[in-house]
Amino acid sequence: MLNIVLFGPPGAGKGTQAKILADRYHLYHLSTGDVLRSEMSAGTPLGKKARGYVEKGELVPDEDVTEMLVCVMDKHPDAGGFIFDGFPRTTQQAKFLRKMLLEKGTEIHDLIVLDVEEKELVRRLLNRAKLESRADDTREVIENRIRVYKEQTAPVIDYYSQFGKYHPINGIGTVEEVHNRIAAVISQQ
Ligand code: ADP
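Small disclaimer: the values here were computed from a predicted structure and weren't measured.

Considering the nonpolar core
- Core analysis: the biggest nonpolar cluster contains 30 residues, and Phe 84, Leu 97 and Tyr 160 have the highest contact counts within it.
- Within the residue set of this core, elements represented by two or more residues are strand E1 (4–7), helix H2 (32–42), helix H3 (45–54), helix H4 (62–74), strand E3 (82–85), helix H5 (91–103), strand E4 (110–115) and helix H8 (155–161).
- Tallying contributions element by element places H4 first for this core, with 5 residues.
- If we ignore the near neighbours within four places in the chain, the residues touching Leu 97 are Val 5, Leu 69, Phe 84, Phe 87, Pro 88, Ile 108 and Tyr 160.
- Counting 22 residues, the second largest nonpolar core, distinct from the first, contains Ile 4, Ala 22, Ile 83 and Ile 142.

Now the structure itself:
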């Protein structure tokens, strides 16, 4: 099994790169943001609860997200591995993931962090807002998501650093250039 966490601030390009990696390495692309959006549009109890957090750019509580994650993973027992996009977003979630994967006899192999400066993130997200209508792509909510990333999510990097799994990648460049940088890290496995 190959399990990769694709990490970085909102707008860094995680979703775009995760899709390409999932195809190339035959991994299941697990985006917690996508799962939450489909729960919200289906109006499930989880979706109704999550909406208040997502629309403000706050994190959905750990216990809800971890329960949802287990549920999705259980539906794909034959996956050759997972590419986690948007999870873990807190150190608590990272610890949970480690324990869960250990029980399955596997682990996270790499934490790949897409580095993109803040001005570029805001520019990309405002641009995306013109193409897609995501309720959390307004300037105010974008700024909150970046703040939440810095305060609650970035510490996850320290957690993986202690295991020597942290790989920073320059997230600026064409989709293909960034993909090649990520593939170079994965090929060292
Ligand atoms: P982005 O990386 O652009 O912020 P995502 O689609 O990954 O977008 O996430 C959108 C929103 O979904 C987040 O702002 C948050 O409210 C919620 N969310 C997604 N993943 C998690 C998670 N692992 N823990 C808590 N909340 C999450």
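With respect to the packing of aromatic side chains
- Per the counting criterion, the structure on display carries 5 aromatic pairs.
- An angle of 25° between the planes, with centres 5.8 Å apart, marks the rings of Phe 82 and Phe 84 as stacked. Per residue, the accessibility class of Phe 82 equals that of Phe 84, and both read buried.
- Relative to Phe 163, the ring of Tyr 159 has its centre 5.4 Å away and its plane inclined at 80°; by these criteria the two rings are edge-to-face.

A short note on the pattern of salt bridges
- In the structure shown here, the tally under the stated rule is 16 salt bridges.
- Among the ionic pairs, Arg 51 bridges to Glu 55, the shortest N-O distance being 3.1 Å.
- With a relative accessible area of 34%, Arg 51 lands in the partly exposed category.
- One salt bridge connects Glu 107 with Lys 165, and the closest N-O pair in it is separated by 3.1 Å.

Describing the sheet that holds E1
- The strand order E2-E3-E1-E4-E5 describes an open sheet built from 5 strands, whose pairing is parallel. One side of each edge strand has no neighbouring strand; the edge strands of this open sheet are strand E2 (28–31) and strand E5 (166–170). The mean inter-strand angle of the sheet, taken between neighbouring strand axes irrespective of direction, is 20°.
- Each of E1, E4 and E5 is contacted by helix H9 (residues 175–186), which is oriented at about 155° to E4, the strand it contacts most.

A short note on the packing of helix H6 (residues 118–131) against helix H7 (residues 139–153)
- As a packed pair, H6 and H7 sit with axes 10 Å apart at the nearest point and diverge in direction by 135°. With respect to H7, the element H6 is oriented oblique. For H6 against H7, the interelement crossing comes out right-handed. Here H6 contributes Glu 118, Leu 121, Val 122, Leu 125, Leu 126 and Arg 128 to the contact with H7, which in turn contributes Arg 139, Ile 142, Arg 145, Ile 146 and Lys 150.
- Within the contact of H6 with H7, the residues separate by chemical class into 6 nonpolar, no polar and 5 charged.

So, the packing of H2 against H4
- Two elements in contact, H2 and H4, have axes separated by 11 Å at closest approach and are oriented at 95°. By the criterion of interaxial angle, the relationship of H2 to H4 is roughly perpendicular. From H2, Thr 32, Val 35 and Leu 36 reach across to H4, where they touch Val 65, Met 68, Leu 69 and Val 72.
- Taken together, the residues that form the contact of H2 with H4 break down as 6 nonpolar, 1 polar and no charged.

The rules behind the values
All chains use their own residue numbering, which begins from 1 and follows the written sequence. In keeping with the predicted nature of the model, local features appear solely for residues at pLDDT of at least 70, side-chain atom pairs appear and are counted solely at 80 or more, and the whole-chain, interface and lining totals rest on all residues. Side-chain measures here rest on the full set of heavy atoms in the structure, leaving out hydrogens and waters. Take the buried Ala, Val, Leu, Ile, Met, Phe, Trp, Tyr and Cys residues and link them wherever side-chain atoms come within 4.5 Å; each set so joined is a nonpolar core. Using a 1.4 Å probe on the protein chains alone, a residue whose accessible area is under 20% of its type maximum counts as buried, one over 50% counts as exposed, and one in between counts as partly exposed. The helix count covers DSSP runs of H or I at least four residues long, the strand count covers runs of E at least two residues long, and both are numbered beginning at the N terminus. In what follows, a contact means two residues having at least one pair of non-hydrogen atoms within 4.5 Å. Pairing of aromatic side chains here covers Phe, Tyr and the six-membered ring of Trp, requires ring centres within 6.5 Å, and sorts the geometry by plane angle: under 30 degrees stacked, over 60 edge-to-face, intermediate tilted. Between Lys or Arg on one side and Asp or Glu on the other, a salt bridge is scored when a side-chain nitrogen of the former is within 4 Å of a carboxyl oxygen of the latter. Here the rule is simple: two strands pair whenever DSSP picks up at least two bridges between them. Only the stretch in contact is used when a helix axis is fitted, and all axes are lines through C-alpha atoms; the angle between N-to-C directions ranges over 0 to 180 degrees. Comment on the angle field: the value is read as roughly parallel under 35 degrees, roughly antiparallel over 145, roughly perpendicular from 65 to 115, and oblique elsewhere. Crossings are sorted by hand: turned counterclockwise from the far helix by less than a right angle, the near helix makes the crossing left-handed, and turned clockwise it makes it right-handed. Under this grouping Gly is polar, as are all residues other than the nonpolar Ala, Val, Leu, Ile, Met, Phe, Trp, Tyr, Cys and Pro and the charged Asp, Glu, Lys and Arg.

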